[in-house]
Amino acid sequence: MSQCFYMPVKVIYGPHCVAENAALFAGFGKKALIVTSPSSAKNGALQEVTEALSSQGIAWGVFDRCENNPSLEMTDCLGEFARQDKYDFVIGIGGGSAMDSAKAASVLAVNDYPAAKLFENRFPHAPLPLIEVPTTAGTGSEVTYNAVITIDGGRNKKSFGTPVTHAKLAFLDARYTETLPMRLTRYTALDALAHAIEGFLSCKATPAGSMVAKEVFRIFAKNHGALCGDSLTPAVRQELLLNAMYAGIVIAQERTIAVHSLSYPLTAMRGVQHGLAVSLPMASFLEICYSGAKEKIDELLGILGLTELGQFRGYIGRLMDDKNTYTRAEVEEFVSIAGQGAIGRNNPVTLTLDDVRNIYLTSLALSD
Ligand SMILES: [Fe+2]
């Protein structure tokens, strides 16, 4: 059966890459809609992007009210904002939430309908061209076409996107990640690792995607010790930002599998940061999959420098610090919200709802 590798985003990376390539903005039009969160004013990205736009005579409007894990309500506000003026293109600046919101803005600016209709993936008018500037090193949203929105009154998450919601251009400057606290830096690196693991273990994995995934494992392993420490050098931060982009390329080919589905209620209901939420169930998920995916999991462990699966929980555990405890009743709710979605993914083994329950029960600190 034929397979596909598709990565249409032009990626420019390195320190000061926005200023050095300011002329590229001019190819997208005369007015930009910048979609971001308040943090981009602190990390310098917003200022450098607007300076680059000014240098090219490009006007801009700013929506800087992006929230973590964007809700349908916020996305509707963003859509209204985007339609109030005539924008030629959209620039997303921030972590996954802001970059995903920018994807929504690129659609809603030219399609006057409620955000809930995004999930139908029908865009009568082609989305505005999109440029993404990540300020965290985890999501890889700059090279994927999917965007995630919180739904069901804050209980779950759902994604939309088709190849037309891919960005045209991305700028990766790790200087923008330097203000990110180490805790969040670790979580975002874990998110990238999860993207690569899930893509690698997907039963739809392709040779090209797997090649990239193995490079993500290698770079993660190389920097694991540094991530356990108190600070990172600019060179390490740039490598981790590239790694998040590589991991984004993996899920752009293969999609995530059960682990991301399992994370959604943890984030939506308990506010667990996304990278932590995908890492909590990972060791138990690998243990359940081991019988059916031994060769691949052993290859992953080997690249990480581990000799057996039992070491994996401690290996990623050194980067995690979930202080939450969970009741068994909550676990049942997580199973009811995320179970069907998780078992329906392209997992390497067939999962049951009992497996999902066991993954939660063996991954979370229970209070009863
Ligand atoms: Fe993720």
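Residues numbered from 1 in each chain as written. Predicted model: local features only at pLDDT ≥ 70, side-chain atom pairs only at ≥ 80, totals over all residues.

## What to know about the overall build of the protein
In step 1: Each helix and strand counted, the protein has 15 helices and eight strands in total.
In step 2: A compact globule built from 368 residues should have a C-alpha radius of gyration of about 21 Å, and the protein, at 20 Å, falls within 12% of that.
In step 3: C-alpha extents for the protein along the principal axes are approximately 60 × 45 × 40 Å.
In step 4: Across the 368 residues in the protein, those meeting the buried criterion constitute 51%.
In step 5: Here the contacts in the protein between residues at least 6 apart in sequence split such that 80% fall between residues at least 24 apart. (Helix = DSSP H or I, 4+ residues; strand = E, 2+ residues; numbered from the N terminus. Rg over C-alpha atoms; globule rule 2.2 N^0.38 Å. Buried ≥ 20, exposed ≤ 12 C-beta atoms within 10 Å, placed from the backbone. Contact = placed C-beta atoms within 7 Å.)

## Re the sheet that holds strand 2 (residues 31–36)
In step 1: Strand order across the open sheet formed by six strands is 1-8-5-4-2-3, with parallel pairing between neighbours. Either end of the sheet is taken by a strand with one partner, and the two such strands are strand 1 (10–13) and strand 3 (59–63). On average, adjacent strands in this sheet sit at an angle of 20° to one another, irrespective of strand direction.
In step 2: By the bridge criterion, five bridges tie strand 2 to strand 4 (residues 89–94) in an arrangement that is parallel. Each bridged residue has a counterpart across the sheet, and for Ala32 the counterpart in strand 4 is Phe89.
In step 3: With respect to the sheet, helix 5 (residues 96–108) is in contact with strand 2, strand 4 and strand 5 (130–134), its orientation differing from that of strand 4 by roughly 165°.
In step 4: Strand contacts of helix 8 (residues 234–254): strand 1, strand 5 and strand 8 (169–172), with the helix running at about 150° to strand 8, the strand carrying the most contacts. (Pairing = 2+ DSSP bridges. Axes fitted to C-alpha atoms, helices over the stretch in contact; angles between N-to-C directions.)

## Some thoughts on the environment of Ala32
In step 1: Tracing the chain through its elements places Ala32 in strand 2.
In step 2: Spatially, the C-alpha atoms of Ala32 and Lys222 are 39 Å apart, while their sequence positions differ by 190 residues.

## Comments concerning the packing of helix 7 (residues 207–228) against helix 12 (residues 294–304)
In step 1: As a packed pair, helix 7 and helix 12 sit with axes 8 Å apart at the nearest point and diverge in direction by 35°. Once helix 7 is placed against helix 12, the crossing between them reads as right-handed. Two secondary-structure elements touch here, helix 7 through Lys214, Phe217, Arg218 and Ala221 and helix 12 through Leu300, Ile303 and Leu304.
In step 2: Its residues assigned to classes, the contact of helix 7 with helix 12 comprises five nonpolar, no polar and two charged. (Left-handed = near helix turned anticlockwise from the far one by under 90°. Nonpolar A, V, L, I, M, F, W, Y, C, P; charged D, E, K, R; others polar.)

## Some remarks on unusual backbone geometry
In step 1: A positive phi angle, near 65°, is found at His16, a position not held by glycine.
In step 2: One can find His16 in the loop between strand 1 and helix 1 (17–20).
In step 3: Located in the positive-phi region is Asn121, a residue other than glycine, with phi close to 55°.
In step 4: Of note, Asn121 is situated in the loop between helix 5 and strand 5.
In step 5: Of the residues examined, Asn121 has 14 C-beta atoms within 10 Å and is grouped as partly exposed.

## Here we look at helix 11 (residues 282–289)
In step 1: Counting buried positions along helix 11 yields seven of eight residues, so the element is predominantly enclosed.
In step 2: When we look at burial in helix 11, the residues that qualify are Met282, Ala283, Ser284, Phe285, Leu286, Ile288 and Cys289.
In step 3: On the buried face of helix 11, the contacting elements are helix 6 (182–201), helix 9 (258–270), helix 10 (274–279), helix 12, helix 13 (312–317) and helix 15 (353–363).

## Points about the nonpolar core
In step 1: Counting residues in hydrophobic clusters, the biggest one holds 115 residues, and the most contacted among them are Leu33, Val35, Val49, Val90, Ala105, Ala196 and Val216.
In step 2: Apart from residues lying up to four places away in sequence, Ala105 is in contact with Leu33, Val35, Leu78, Ala82 and Val90. (Core = buried A, V, L, I, M, F, W, Y, C linked by C-beta atoms within 7 Å.)

## Details of helix 14 (residues 328–343)
In step 1: When the local axis directions of helix 14 are compared, the greatest deviation, roughly 45°, occurs at Ile337.
In step 2: Turning to helix 14, the residues buried within the fold contact strand 7 (156–160), helix 9 and helix 15. (Bend = angle between axes of the 7 residues up to and from the residue.)

## Description of the domain arrangement of the protein
In step 1: You can read the domains of the protein as domain 1 (10–177) and domain 2 (182–363).
In step 2: Computed over C-alpha atoms, the centres of domain 1 and domain 2 are 25 Å apart.
In step 3: Taken together, the contact pairs 23 residues of domain 1 with 27 residues of domain 2.
In step 4: For the side of domain 1 that touches domain 2, the secondary-structure elements that each account for two or more residues are strand 1 and strand 7.
In step 5: Within the side of domain 1 that touches domain 2, the residues separate by chemical class into eight nonpolar, twelve polar and three charged. (Domains from an automatic or database assignment.)

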